[in-house]
Amino acid sequence: MGRAVTNDSPLPAPGGDDPPAPRNPAPPQAPAAHQDPPPHQEPAPAAHQAPAPPQAPAPPQHQAPAPAAHQAPAPRPGPPAHRDPATAPPGPAAAQRLRHARHAPWPYTRLDVAAARAAGHRPHPIRQFVLKTRSRCNLACTYCYVYEMADQGWRDQPPAMTPATAARAAQRIAEHAATHDLPRVDLVLHGGEPLLTAPAALAAPVDAVRAALAGAAPRTRVTATVQTNGTLLTRGRLAALAAAGIRVGVSLDGGLPAHNTRRVDHAGRPGFGAAARGLRLLARHPQSYAGVLCVVDLDQDPVETYESLLAFAPPSIGLLLPLANWSAPPPGHHPGRTPYADWLLAVFERWWHDGVRRTRIRLFEEIIALLLGLPAATETLGLTPAATAVIETDGSIEQADSLKSAYEGAAATGMTLDTHSFDQLLDHPGLAARQLGRDALAARCRSCELVEVCGGGHYPHRYRAGEGFRQPSVYCADLQALIRHIAAAVQRAAQTATAPATATATGVLATGVPATAAAHPPAVAS
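Residues numbered from 1 in each chain as written. Predicted model: local features only at pLDDT ≥ 70, side-chain atom pairs only at ≥ 80, totals over all residues. Heavy atoms only, no water.

Another point: the overall build of the chain. Tallying secondary structure elements over the chain gives 16 helices and twelve strands in all. When each of the 526 residues of the chain is scored for burial, the buried share is 49%. Taking contacts inside the chain between residues at least 6 apart in sequence as the whole, the part at least 24 apart equals 76%. Summing over all exposed atoms, the chain offers an accessible surface of approximately 24,700 Å²; the carbon and sulfur share of this is 57%. (Helix = DSSP H or I, 4+ residues; strand = E, 2+ residues; numbered from the N terminus. Buried < 20%, exposed > 50% of the residue type's maximum accessible area, 1.4 Å probe, protein only. Contact = heavy atoms within 4.5 Å. Areas by Shrake-Rupley, 256 points an atom, 1.4 Å probe, with all protein chains shown as cover.)

Structure follows, in structure tokens:
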């Protein structure tokens, strides 16, 4: 594959120096009191603003008052005064480009997408489409990246996606699938809280996509999930989702009330009780149960958190590192320490030595798969090109939601369903950079022996204000400790006579790896 090209110089060879960053990068900007509206949306008038008084009607154009006999006619008005474009305020689209360039020079000023294409970096089609069917939530979790972090764009979004927008999204998805002959597209109903939608309408966006694909790309199949906080799960909603073949994933911070003190409603009341009821109901419908997502909390005991989640019988658990970066480090971050690896490895040891597979843990299985030379199934690890697009309730096309943790407008593309295709999104610098693999990484990452597994870490974790997304992950030390420990465990298991049984019990085979493949793991320093 060819090399990417930047505007200032070609990307350095692996191990070389990155383009110089500003010596004093600009600090993160606080959200402005008045947000820039999306490019296609006019700002709504303030609620407290009275309407302007009606103007007196102008005289008919064919009739003008006659000048007095002793008075010369008034001169005709001249052309409007010229406005210097250099001093005119930028429009929304230009302001968005300036914001990207200021906060993230890499990739927005340093990556030449056309040159990267010419050098052989081909775009990869979008395969996962996140439909923001609701922009508001019934909870007010104190750490939520949508509402509580750098980006406040949700305030400009309509509360719900209209049927017309869902239909347009379906057309664009079918168009993209047909163009690239995709065998499958993955849909995620997201929010906000998507279950704020009435049960009868929950499946409508998925039905629209299936109908559009039936006409444009009949060989493309659809998988669909809804990601919810679980508090609004009812028999009626589960029945509607199951009938449409939509599986349910639930976000929870642990299986006990003490683990979920940050998950509260808008009145400050805990949301755990309702979420637990929803999860118990979901556990009685395993065919609809996708799994549980849990953000790592250093204040909670890791093994207790894991064991308590098992009480809800999740088929899989996604353990997520908190969204953080070099300008907004995670809690407990100190040079030379690895508190997040320590937390995760306590869970890994319990899971790995369980003797029977009680659930899948995606993070650990992804690392094992990558150690065995298999591609990653997520963007958080490995070098697999990003393939996710987000569709907001107003029809805006955005990048991954997690970017909203970096700066105001970090996920914005300036594209909409009405004006752009998903093929056009592929050439947006933000997405193109996340499809460059090793060439998008910092020099230290490109030369690291773990790069094929780590992949530089989750893209938002690499951000530094005024420099962008070309640093090692803020969790670099944690990831190294975690990967090396798991590699050593896989190597030990491969050297024992019980390696196939151990692999089966712990979920290695769930990734599709034959048990005998564990006998020849790649050489990874431990």
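Our focus in this paragraph is the nonpolar core. Phe364 and Phe422 are the most contacted members of the largest nonpolar core, which totals 93 residues. Sorting elements by how many residues they give to this core places helix α9 (residues 339–352) first, with nine residues. (Core = buried A, V, L, I, M, F, W, Y, C linked by side-chain atoms within 4.5 Å.)

For the rest of this paragraph, the subject is the pairing of strand β3 (residues 128–132). Most of β3 is tucked away, with four of its five residues classed as buried. Relative to strand β4 (residues 184–190), β3 is paired through five bridges, and the arrangement is parallel. If you follow Phe129 over to β4, its bridge partner there is Leu187. Considered for its hand, the β-α-β crossover made up of β3, helix α4 (residues 163–180) and β4 is right-handed. Judged from the four bridges that link them, β3 and strand β10 (residues 388–391) form a sheet pairing that is parallel. Looking across to β10, one finds that Leu131 is bridged to Ile391. (Pairing = 2+ DSSP bridges. Right-handed = clockwise from strand over helix to strand, strands pointing away.)

Moving on: the sheet that holds strand β6 (residues 246–251). In space, the ten strands of this open sheet follow the order β9-β8-β7-β6-β5-β4-β3-β10-β11-β12, with mixed pairing throughout. For this open sheet the edge positions go to β9 (360–361) and β12 (412–416), each flanked by a neighbour on one side alone. Across the sheet, helix α8 (residues 302–310) lies against β7 (289–295), β8 (316–320) and β9, angled at about 160 degrees from β7, the strand it touches most. (Axes fitted to C-alpha atoms, helices over the stretch in contact; angles between N-to-C directions.)

Turning our eyes to something else, we now look at the side chain of Gln471. In this fold, Gln471 is placed in the loop between α14 (451–454) and α15 (476–494). On the basis of relative accessible area, Gln471 is assigned to the buried category, the value being 11%. Within polar-contact distance, the side chain of Gln471 engages the backbone oxygen of Arg462 at 2.8 Å. Side-chain polar atoms of Gln471 contact the backbone oxygen of Gly468, separated by 2.8 Å. If sequence neighbours within four positions are ignored, Gln471 has contacts with Trp326, Ala442, Arg462, Tyr463 and Arg464. (Polar contact = N/O pair within 3.5 Å; in protein donor to acceptor, adjacent residues only side chain to side chain.)

Moving on: the packing of aromatic side chains. Tallied over the entire structure, the rule returns eleven aromatic pairs. Seen from their ring centres, Tyr459 and Phe469 are 4.6 Å apart, and the 10 degrees between their planes marks the pair as stacked. Placement of Tyr459 in the loop between α14 and α15 and of Phe469 in the loop between α14 and α15 is noted, with a sequence separation of ten residues between them. Phe469 carries the same exposure label as Tyr459, and that label is buried. Ring geometry for Tyr463 and Phe469: centres 5.0 Å apart, planes at 40 degrees, overall tilted. Here Tyr463 matches Phe469 in class, with each residue buried. Every member of this aromatic cluster is reached through a ring pair, and the members are Phe348, Trp351, Trp352 and Phe364. The ring of Tyr143 carries the charged tip of Arg262 above its face, separated from the ring centre by 4.3 Å. When the ring centre of Trp106 is taken as reference, the NZ or CZ atom of Arg470 above it lies at 4.7 Å. (Phe/Tyr/Trp six-rings, centres within 6.5 Å; stacked < 30°, edge-to-face > 60°. Lys NZ or Arg CZ within 6 Å of the ring centre and 35° of its normal.)

Moving on, we come to the side chain of Glu365. Assignment of secondary structure puts Glu365 in helix α10 (residues 362–371). Overall, the relative accessible area of 4% leaves Glu365 in the buried class.

It is worth spelling out the confidence of the model for the chain at this point. Here the chain averages 83 in pLDDT, while 77% of its residues score no lower than 70. Across residues 1–83, confidence stays below pLDDT 50; counting only partners more than four residues off in sequence or on other chains, it has 99 contacts. Every residue in residues 499–526 scores below 50 in pLDDT, and together they form 52 contacts with partners more than four places removed in sequence or on other chains. (pLDDT = per-residue confidence, 0-100.)

The tally for this structure, following the rule as stated, stands at six cavities of 30 Å³ or more. Considering the residues around the second largest cavity, the lining is formed by Lys132, Arg134, Ser135, Val146, Trp154, Gln157, Gly191, Gly192, Glu392 and Lys404. Partitioned by chemical class, the residues of the lining of the second largest cavity number two nonpolar, four polar and four charged. (1 Å grid on protein atoms, 1.4 Å probe; cavity = no way out; pocket = protein on both sides within 12 Å on 5 of 7 lines; lining within 4 Å. Points joined across faces, edges and corners; volume = space filled by probe spheres on them. Nonpolar A, V, L, I, M, F, W, Y, C, P; charged D, E, K, R; others polar.)

Moving on to the pattern of salt bridges. What the rule picks out here adds up to 21 salt bridges. A salt bridge links Arg117 to Asp427, with the nearest nitrogen and oxygen atoms 2.9 Å apart. Of this pair, Arg117 sits in helix α3 (residues 113–118) while Asp427 sits in the loop between α11 (422–425) and α12 (429–433), and the two are 310 residues apart along the sequence. Residue Arg117 is classed as buried on the basis of its relative accessible area of 12%. (Salt bridge = Lys/Arg side-chain N within 4 Å of Asp/Glu carboxyl O.)

Moving on, we come to the packing of α10 against α15. It is the contact of α10 with α15, at a shortest axis distance of 10 Å, that shows an interaxial angle of 70 degrees. Between α10 and α15, the angle falls in the class roughly perpendicular. The two elements α10 and α15 meet at a crossing, and its hand is right-handed. Contacts between α10 and α15 involve Leu363, Phe364, Ile367, Ile368 and Leu371 from the former and Leu482, Ile483, Ile486, Ala487 and Val490 from the latter. Among the residues making up the contact of α10 with α15, the classes are represented as ten nonpolar, no polar and no charged. (Parallel < 35°, antiparallel > 145°, perpendicular 65-115°, else oblique. Left-handed = near helix turned anticlockwise from the far one by under 90°.)

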